[in-house]
Amino acid sequence: RTEQIADALADAAGPIRSAAAAILELEGKPVTSKKHALEDLAKRVGGDWGIVLHSVTEARETRTVSSTEPGRALLGLIELCERLDAHVKSNLAAR
């Protein structure tokens, strides 16, 4: 089960990071890397995403998750995506 969660986090990392970079570009903000784009947006939407972002990076680099609750990391990533969606709808929908 933990391996499946690590795979899901790793597989989701690339597209979510790409989406974050695209959001920043649409907002006219500089993008240094897709990883940093996601980190920057996570800060802006509020919440404590440290463990989620760490778990995503760890899963992407090693295909494992050392978090004691990998399921929480996956659910946290889903919640972060929901926050990003709300951010886009409130900040970019009028453009």
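See the structure printed just above.
Let me begin by describing the structure that accompanies this report. A quick note: this is a predicted structure, and the numbers were derived from the prediction, not measured.

## Some details on the nonpolar core
One finds Leu9, Leu38, Trp49, Leu77 and Leu80 to be the most contacted residues of the largest nonpolar core, which totals 26 residues. When residues of this core are traced back to their parent elements, those giving at least two are α1 (2–26), α2 (34–45), α3 (50–62) and α4 (70–91). Broken down by element, this core gets its largest block of residues, 10 residues, from α1.

## Thoughts on the packing of α1 against α2
Packing of α1 against α2 leaves a shortest axis separation of 8 Å and a crossing angle of 70°. Relative to α2, the element α1 lies roughly perpendicular. In contact with Ile16, Arg17, Ser18, Ala20, Ala21, Ile23 and Leu24 of α1, α2 contributes Lys34, Lys35, Ala37, Leu38, Asp40, Leu41 and Arg44. In the contact of α1 with α2, the residues fall into eight nonpolar, one polar and five charged.

## Remarks on the environment of glutamate 61
Within the fold, glutamate 61 resides in helix α3. Judged by relative accessible area, which is 60%, glutamate 61 ranks as exposed. Counting along the chain gives 17 residues from glutamate 61 to isoleucine 78, while the straight-line C-alpha distance between them is 20 Å.

## Describing the pattern of salt bridges
Here the idea is simple: oppositely charged side chains can pair when their charged atoms come close. Enumeration according to the criterion identifies six salt bridges in this entry. Glutamate 69 is paired through a salt bridge with arginine 72; the nearest N and O atoms lie 3.3 Å apart. Looking at glutamate 69, the relative accessible area reads 39%, which means it is partly exposed. With relative accessibility at 60%, the residue arginine 72 sits in the exposed group. Among the salt bridges present, the one from arginine 83 reaches glutamate 79, with a minimum N-O distance of 3.3 Å. Remark: glutamate 79 and arginine 83 occur in helix α4; sequence separation between them is four residues, near one turn of the helix. The exposure class assigned to glutamate 79 is partly exposed, which follows from its relative accessible area of 35%. What you see here is one network of salt bridges that share partners, running through Asp7, Asp11 and Arg63.

Rules used in this analysis
Residues take numbers from 1 onward in each chain, read along the sequence in its written order. Restriction of local features to residues with pLDDT of at least 70 applies here, the model being predicted, together with a cutoff of 80 or more for giving and counting side-chain atom pairs; totals for whole chains, interfaces and linings are based on all residues. Heavy atoms from the whole structure form the basis of all side-chain values; hydrogens and water molecules are not counted. Among the buried residues, those of types Ala, Val, Leu, Ile, Met, Phe, Trp, Tyr and Cys that are joined through side-chain atoms within 4.5 Å form a nonpolar core. Residue exposure (1.4 Å probe, protein chains only): buried if accessible area is under 20% of the type maximum, exposed if over 50%, otherwise partly exposed. The helix and strand labels rest on DSSP assignments: H or I over at least four residues marks a helix, E over at least two residues marks a strand, and numbering proceeds from the N terminus. Fitted lines through C-alpha atoms give the axes, limited to the stretch in contact for helices. The angle between two N-to-C directions lies from 0 to 180 degrees. Roughly parallel covers angles under 35 degrees, roughly antiparallel covers those over 145, roughly perpendicular covers 65 to 115, and oblique covers all other angles. We call two residues in contact whenever any of their non-hydrogen atoms come within 4.5 Å of each other. Polar here means any residue other than Ala, Val, Leu, Ile, Met, Phe, Trp, Tyr, Cys and Pro, which are nonpolar, and Asp, Glu, Lys and Arg, which are charged; Gly is therefore polar. Between Lys or Arg on one side and Asp or Glu on the other, a salt bridge is scored when a side-chain nitrogen of the former is within 4 Å of a carboxyl oxygen of the latter.

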